[in-house]
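Below are the chains, spelled out letter by letter.
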Protein chains: 2
Amino acid sequence: MTEIVDATRAAYFVSDSTGVTAETLGNALLANFPGFRFLKHTIPFVDTDAEARAVVASIDKDAAAGREPLLFITVKQAALRSILGASEATVIDLLAGHLTELEQALGVTASEQLGAYHGLGDTDRYFARMRAVEYAIEHDDGQSSRALDQADVVLIAPSRCGKTPTTMYLALQHGLRVANYPLTDDDFPTEGLPRSVAKYGARCFGLTTTPLRLSQVRHERRPSSRYSSLEQCTIELRRAEDLYRRNRVPFLNSSTKSVEEMSAVIMQTMKLRA
Amino acid sequence: MTEIVDATRAAYFVSDSTGVTAETLGNALLANFPGFRFLKHTIPFVDTDAEARAVVASIDKDAAAGREPLLFITVKQAALRSILGASEATVIDLLAGHLTELEQALGVTASEQLGAYHGLGDTDRYFARMRAVEYAIEHDDGQSSRALDQADVVLIAPSRCGKTPTTMYLALQHGLRVANYPLTDDDFPTEGLPRSVAKYGARCFGLTTTPLRLSQVRHERRPSSRYSSLEQCTIELRRAEDLYRRNRVPFLNSSTKSVEEMSAVIMQTMKLRA
């Protein structure tokens, strides 16, 4: 049972870089305390004394207002950490402790350059991700089959089952080349996969959802149409799932999974992890 | 100076959920040890004893091969953590210690449900992100101005300055509605912003890059064309930057910044943080 505390606390995610790490891990940690409301502030690029002091001023205002602040930091310079540490917040240092553990395990001291994991970093990998986004846009919704032979994954599903967001996530976060192809009524007279993707059957991954959810989502786009009717959605999903099974295309249900979860399953199933 | 150690170490990112947190923070930490090569393995959805034992077997193989494994974990069940802890790896627990710190600060124990920050979680926020991706696709590259009035940001830039990946990142990660509009030769005879976006000047943000970088990127698409010539790229970028300055459109240079960094700057500049 969730303990209902019904208190509002300020939560700061402060970073000398983008704040992506502080925000990601900080939120993951806070998700374990559902009884609280958190007033969240992400403050990236804090890399001077003056900026650190401005953050402290803001935190101390929250403290004075009774919002007992939590401060999650990913800040490499010890001088800045010590300014932030003098605030009226409970400091959760997401890097320093683990860096010390790693220094001991590896037997060297951590590099003193500013951490920039979310910077350009490994530029080859970075540009591969950017090209993957271009690839995904070009091959979204069956629009092009120009470079379908280069796809790492071909996502197939009826319209509005979550193909596009999943495609974009795999491209942007993991640099995978993902094409997606909509299954329409025209694709179902035959037993096999649609002609344009049949050659790439081993790279196909299917999505499905529940008829009710699909009908709701389609209704937002075309209210009270055949396209969004529960009957039509039920038929399309049943046909799609039959198609996946007949052709041994792995598939999953997008109604209960986030794009992050679907992407993790897809990479695991298609053995696309390094 | 970077200490060159030239040793290969195995690094495991193991999670009972998607592995996004373990991978993000684990990589951020490892980025501080540039002298090592890390052989990385991400293993999501480890939520049974048997799966944890399979991970241990794989780790111990790496250990036997002299790759002294590091093991980053985000696993909530103590029983699974203890199985993983018995491996031959140095364990960096990314959650447990911080959860204890938070329990002390908040005066309650953490919820025992499996952490699923990257699950559907807050479904309103999740569906807003998914709708933002659809919005971004519809309004990519000036293709539509249907719902331009609903844009949180309108990114403007000459072709191939990084509009699309930045747009997708802001949509997917932050649920922002971002339209993007290419600046072409036709947009420069006048002093003001292009007609389609002029009404939304206060929401415009510009991108630029270096002529050399732009020419290289365009060359990949259309080799040896006027479009990709250094001369044309120089002219277009100078005109774009003039346009931004004249119209007080904030802008930044995408040649030295990642999409994560640009997104953080854009949200900060446009005051789009919660």
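Worth saying up front: this structure is predicted, and the values here are computed from it rather than measured.

Quick look at the relation of the copies chain B and chain A now. In the superposition of chain B on chain A (RMSD 0.0 Å, axial shift 0.0 Å), the rotation amounts to 180°. Put plainly, the chains are arranged around a two-fold axis. By residue overlap, the copies meet face to face through one surface: 100% of the interface positions of chain B are interface positions in chain A.

This next bit is on the domain arrangement of chain A. Looking at the assigned domains, one finds that chain A contains domain 1 (7-106) and domain 2 (123-269). When each unit is reduced to the centre of its C-alpha atoms, the spacing between domain 1 of chain A and domain 2 of chain A is 39 Å.

This paragraph deals with the pairing of strand β1 (residues 7-15) of chain A. All names here are of chain A. With seven of nine residues buried, β1 is to be regarded as a mostly interior element. Looking at chain direction, β1 and strand β2 (residues 36-43) are connected through eight bridges and run parallel. In the strand pairing of β2, Ala7 is matched with Phe36. In this view, the connection linking β1 to its parallel neighbour β2 by way of helix α1 (residues 20-30) has right-handed handedness. In this sheet, strand β3 (residues 70-74) lies alongside β1 in parallel orientation, the contact comprising five bridges. Looking at β3, one finds that Ala11 is bridged to Leu70.

Right, let's get into the nonpolar core. Grouped burial of nonpolar side chains is what soluble globular proteins tend to show. Ranked by size, the top nonpolar core spans 100 residues in total, and within it Ile156 of chain A together with Ile156 of chain B carry the most contacts. Once residues lying within four places of it in the same chain are set aside, the contact partners of Ile156 of chain A are Lys163, Tyr181, Leu183, Leu193, Val197, Cys204, Phe205, Gly206, Leu207, Tyr244 and Val249 of chain A. Listed in part, the 40 residues of the second largest apolar core include Phe72 and Leu106 of chain A together with Ala11 and Ala110 of chain B.

The UniProt record annotates "binding site: ADP" (unreviewed entry) at Ala157, Pro158, Ser159, Arg160, Cys161, Gly162, Lys163 and Thr164 of chain A. Tracing the backbone through its elements, the reader meets Ala157 of chain A in strand β5 (residues 153-158). Ignoring any residue separated from it by four or fewer positions in sequence, one finds Ala157 of chain A in contact with Lys163, Tyr181, Pro182, Leu183, Leu207 and Tyr244 of chain A. Summarising the element assignment, Arg160 of chain A is placed in the loop between β5 and α6 (163-174). Not counting residues up to four positions away in its chain, the partners in contact with Arg160 of chain A are Leu214, Val217, Arg218, Arg221 and Tyr227 of chain A together with Glu134 of chain B.

Residue Arg160 of chain A is not a glycine yet carries a positive backbone phi of 75°. The backbone phi angle of Ser224 of chain B is positive, close to 50°, even though this residue is not glycine. For Ser224 of chain B, the position within the fold is in the loop between α8 (211-221) and α9 (230-246).

Residue and element names in this part refer to chain A. If you trace the four strands from one edge of the open sheet to the other, you get β2-β1-β3-β4, paired in parallel fashion. With one partner strand each, in any of the chains shown, β2 and β4 (90-93) form the two edges of the open sheet. The sheet shows a mean angle of 20° between the axes of neighbouring strands, direction not considered.

Taken together, the buried positions of helix α4 (residues 96-106) of chain B are Ala96, His98, Leu99, Leu102, Ala105 and Leu106 of chain B. In the segment just after α4 of chain B, Gly107 of chain B is the residue with positive phi, at about 75°.

Once that is clear, we can look at the packing of aromatic side chains. One pair of aromatic rings is described through two measures. These are the centre distance and the angle between the planes. Scanning all chains against the criterion turns up eight aromatic pairs over all chains. The interplanar angle of 75° and the centroid separation of 5.4 Å between the aromatic rings of Tyr126 of chain A and Phe127 of chain A together place this pair among those described as edge-to-face. Both rings, one in Tyr244 of chain B and one in Phe251 of chain B, keep their centres 5.0 Å apart while their planes meet at 40°; by these two values the pair is tilted. A relative accessible area of 0% means that Tyr244 of chain B is categorised as buried. A cation sits over an aromatic face here: Arg218 of chain A above Tyr227 of chain A, 4.3 Å from the ring centre.

At a closest axis distance of 10 Å, the pairing of helix α4 (residues 96-106) of chain A and helix α1 (residues 20-30) of chain B adopts a crossing angle of 60°. Put simply, α4 of chain A runs oblique to α1 of chain B. When you trace α4 of chain A past α1 of chain B, the crossing you get is right-handed. Within the contact between the two elements, α4 of chain A uses His98, Leu99 and Leu102 of chain A and α1 of chain B uses Leu25, Leu29 and Leu30 of chain B. A breakdown of the residues in the contact of α4 of chain A with α1 of chain B according to their chemical character gives five nonpolar, one polar and no charged.

Moving on, we come to the pairing of strand β7 (residues 204-208) of chain B. All names here are of chain B. Counting buried positions over the five residues of β7 gives five, a clear majority of the element. Burial along β7 is two-sided: Cys204, Gly206 and Thr208 facing one way and Phe205 and Leu207 facing the other are all buried. Strand direction decides the pairing type here: strand β5 (residues 153-158) and β7, joined by three bridges, are parallel. Bridge assignment links Leu155 to a residue of β7, and that residue is Phe205. Examined bridge by bridge, β7 and strand β8 (residues 251-253) share three bridges and lie parallel to one another. Counted as the bridge partner of Gly206 is Phe251 from β8.

On to helix α10 (residues 259-269) of chain B, then. At 3.6 residues per turn, the α-helix brings residues three or four places apart onto the same side. For α10 of chain B, a buried count of nine out of eleven residues is recorded, marking the element as mostly surrounded by other parts of the structure. Three or more residues of α10 of chain B are buried, namely Val259, Glu260, Glu261, Met262, Ser263, Ala264, Val265, Ile266 and Met267 of chain B. Elements in contact with the buried residues of α10 of chain B: α1 and α5 (123-138) of chain A together with β5, α6 (163-174), β7 and β8 of chain B. In the stretch just after α10 of chain B, Lys271 of chain B is the one whose phi turns positive, near 50°.

A word on the environment of Gly201 of chain A. All names here are of chain A. Considering the arrangement of structural elements, one finds Gly201 in the loop between α7 (195-198) and β7 (204-208). By relative accessible area, which is 23% here, Gly201 ends up partly exposed. When the C-alpha atoms of Gly201 and Asn247 are compared, they prove to be 7.8 Å apart, with 46 residues separating the residues in sequence.

Moving on to the sheet that holds strand β3 (residues 70-74) of chain B. Residue and element names in this part refer to chain B. Overall, parallel pairing links the four strands, which are arranged β2-β1-β3-β4 in an open sheet. Each having just a single partner strand, β2 (36-43) and β4 (90-93) make up the two edges of the open sheet. For this sheet, the mean inter-axis angle between neighbouring strands, taken without regard to orientation, is 20°. Relative to β4, β3 runs parallel, the two being bridged by four bridges. Bridge pairing in β4 links Phe72 to Ile92. Here helix α2 (residues 49-64) sits on the sheet in contact with β1 (7-15), β2 and β3, set at roughly 175° to β1.

Each value, and the rule that gives it
Residues numbered from 1 in each chain as written. Chains lettered and ligands numbered in written order. Predicted model: local features only at pLDDT ≥ 70, side-chain atom pairs only at ≥ 80, totals over all residues. Heavy atoms only, no water. Least-squares fit on C-alpha atoms with pLDDT ≥ 70 in both. Contact = heavy atoms within 4.5 Å. Domains from an automatic or database assignment. Buried < 20%, exposed > 50% of the residue type's maximum accessible area, 1.4 Å probe, protein only. Helix = DSSP H or I, 4+ residues; strand = E, 2+ residues; numbered from the N terminus. Pairing = 2+ DSSP bridges. Right-handed = clockwise from strand over helix to strand, strands pointing away. Core = buried A, V, L, I, M, F, W, Y, C linked by side-chain atoms within 4.5 Å. UniProt positions renumbered as here; feature names shortened; annotations may be inferred. Axes fitted to C-alpha atoms, helices over the stretch in contact; angles between N-to-C directions. Phe/Tyr/Trp six-rings, centres within 6.5 Å; stacked < 30°, edge-to-face > 60°. Lys NZ or Arg CZ within 6 Å of the ring centre and 35° of its normal. Parallel < 35°, antiparallel > 145°, perpendicular 65-115°, else oblique. Left-handed = near helix turned anticlockwise from the far one by under 90°. Nonpolar A, V, L, I, M, F, W, Y, C, P; charged D, E, K, R; others polar.

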